[in-house]
Amino acid sequence: MKKKISELAIFGGLPTFSEKLHVGRPNIGSRQILLQRINDVLDRKWLTNNGPLVQEFEQEIASLVGVKHCIATCNATVGLQIAIKACELKGEVIIPSFTFIATAHALQWQGIEPIFCDVDPHTHNIDPQKIEPLITDKTTGIMGVHLWGRGCNVEALQEIARRYSLKLLFDAAHAFGCSYRGQMIGSFGNAEVFSFHATKFCNSFEGGAIVTNDSELAKKIRLMKNFGFSDFDCVDDIGINGKMNEVSAAMGLTSLESIDDFIDINIENYKQYQQELSNIPGVNLIAYDKKERCNYQYVIVDIDESITGIDRDKLYRILWAENILARRYFYPGCHQMEPYRSRIADMGLMLTNTRHLAARILALPTGTAIGKREISKICQILRLATTGGKITNEMLYQNVCAC
Ligand code: T4K
């Protein structure tokens, strides 16, 4: 007879949605200030279309990042699409496969083929040494992704882009508040794009921002995100509706006021994971460079099955059975998803490090929604599942399979 998860749980009965420990629970800043801002929006009756809160949000971000222009968008995916279009990319663009699907889709959506490049196994970012063999006469750009907020090898990418006259963009969805070699991420390449999605440490419900030091490009992007309108009744170029609304900006501004607290909490969580995982062989927490500014919004572990004796997927299922909703970001890699998978059957053979990482990485819950007790519980389950304890791997896995 099949058992209910509640009978299997080591740590008690079935929790409600909010009692489950999710990756990606939103951080909420001051409710009072947020509601006041939303009240003001309602009083002003200016709800969207470059309202005062959106303008304030853009200025705050530009000054925090140290960049000339910030254009807020309704989300980072549309932000990427606009940046790609404004940079006049076409043909083929080289990106990593080990990323969220939006990186690839933002290109494919406008008929540009993403060419998947392998990543560096240590940084998890696009490996500059693997880029040159992928360049063809159709290549127009490179789009790096600062995965987990750890900066790409910007200099190497810049050098390749310069040599081949390619545009260079960065998907900085994970990297708001992070620096690379002491410089805030946001000012590299032709443009960079942040995400302020609910699951990001600083959120605007849904939202994104394109940042650039190129004034001409910024002007073009501003037009494009508003249908191409340069004036009433005057459209200068093709455009889309990529605007952020005032309620999102209210949330974004309120989140910005608390980012130092959010980062401090993330750092505390990270340190606790570091300490409690240190004696679990084969469960390796990825490191962040202490010399850089970092948002610590992702707690990422690499599972070395040769040491743990249990693979990442079994561990993942055990955690879910215990209501710890860890995530296998970014399994199985974009090249293994449609429409890309059907197009190039043996793509995976070239992406050795991507395949390797996609089979080993787990994201664990962090942020303000989790406390010391919960982190200890997660680590205890990982310890039990990997080192035996009273409950063996086999027992746990058999139980999970039975449900
Ligand atoms: N580039 C990169 C590298 C990205 O990682 C992303 C987004 C983008 C581009 C595109 O940015 P946006 O266009 O979204 O601005 C989530 C997010 O939806 C996505 O924004 C994020 N990356 C990605 C890494 O994570 P899913 O498919 O994992 O979402 P979902 O619905 O499974 O939610 C994750 C967890 O968060 C759940 O366990 C529940 C929790 N959650 C979520 C929401 C929305 C909450 O507790 N409350 C909430 O309101 O993609």
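Thresholds applied
- Residues numbered from 1 in each chain as written.
- Predicted model: local features only at pLDDT ≥ 70, side-chain atom pairs only at ≥ 80, totals over all residues.
- Heavy atoms only, no water.
- Near = heavy atom within 4 Å.
- Polar contact = N/O pair within 3.5 Å; in protein donor to acceptor, adjacent residues only side chain to side chain.
- Areas by Shrake-Rupley, 256 points an atom, 1.4 Å probe, with all protein chains shown as cover.
- 1 Å grid on protein atoms, 1.4 Å probe; cavity = no way out; pocket = protein on both sides within 12 Å on 5 of 7 lines; lining within 4 Å.
- Sits in = over half its atoms within 2 Å of the grid points.
- Helix = DSSP H or I, 4+ residues; strand = E, 2+ residues; numbered from the N terminus.
- Salt bridge = Lys/Arg side-chain N within 4 Å of Asp/Glu carboxyl O.
- Buried < 20%, exposed > 50% of the residue type's maximum accessible area, 1.4 Å probe, protein only.
- Patch = residues over 30% accessible without salt bridge, like charges linked within 9 Å, V, L, I, M, F, W, Y side chains within 5 Å.
- Lys, Arg positive; Asp, Glu negative; His and termini not counted.
- Charge placed at Lys NZ, Arg CZ, Asp CG, Glu CD.
- Pairing = 2+ DSSP bridges.
- Expected span 1.5 Å × (residues − 1).
- Arc of directions from axis to C-beta.
- Contact = heavy atoms within 4.5 Å.

A. Focus on the site of the ligand. Thr77, Asp171, His174, Arg327 and Tyr329 are the nearest of the 26 residues found near the ligand. Arginine 25 is positioned such that a nitrogen or oxygen atom in its side chain is 2.8 Å from an oxygen atom of the ligand. One of the side-chain N or O atoms of aspartate 171 is found 2.7 Å from a nitrogen atom in the ligand. In isolation the ligand exposes 930 Å². Once the protein is present, 77% of that is buried. Among the cavities detected, the one that contains the ligand is the largest pocket. Counting residues per element, the ones that place at least two in the shell around the ligand are helix H4 (76-86) and helix H5 (101-108).

B. Molecular detail of the pattern of salt bridges. What the rule picks out here adds up to 16 salt bridges. The shortest N-O distance in the salt bridge between lysine 220 and glutamate 88 comes to 2.7 Å. Of this pair, lysine 220 sits in helix H7 (residues 215-224) while glutamate 88 sits in the loop between H4 and strand S3 (92-96), and the two are 132 residues apart along the sequence. For arginine 373, the salt bridge identified is with glutamate 374, shortest N-O distance 3.9 Å. With relative accessibility at 69%, the residue arginine 373 sits in the exposed group. The class of glutamate 374 is partly exposed, set by a relative accessible area of 22%.

C. Inspection of a nonpolar patch on the surface at higher detail. The grouping of Phe227, Phe229 and Val235 at the surface amounts to a nonpolar patch, some 260 Å² of accessible area in total. What makes phenylalanine 229 partly exposed here is its relative accessible area of 36%.

D. Local environment of a negative patch on the surface. On the surface, a cluster of negative charge is contributed by Asp260, Asp261, Asp264 and Glu268. For glutamate 268, the position within the fold is in helix H9 (residues 259-277). You can call glutamate 268 partly exposed: its relative accessible area is 40%.

E. Broad picture of the pairing of strand S14 (residues 299-303). For S14, a buried count of five out of five residues is recorded, marking the element as mostly surrounded by other parts of the structure. Side chains of S14 alternate between two faces, with Val299, Val301 and Ile303 and Ile300 and Asp302 buried alike. As defined by bridge partners, strand S13 (residues 283-285) adjoins S14 across three bridges and the pair is classed as antiparallel. Across the sheet, the residue bridging to valine 283 is isoleucine 303, located in S14.

F. Main features of helix H2 (residues 31-44). Between its first and last C-alpha, H2 extends 20 Å over 14 residues, near the 20 Å set by a 1.5 Å rise per residue. If you check which residues of H2 are buried, you get Leu34, Arg37, Ile38 and Val41. Buried residues in H2, looked at end-on, bunch into an arc of 95°, giving them a common side. In H2, those exposed residues whose orientation departs by more than 90 degrees from the buried face are Gln32 and Asp43. Residues of H2 that are buried make contact with helix H3 (52-65) and helix H8 (246-256). Positive backbone phi, at 55°, marks lysine 45, one or two positions downstream of H2.

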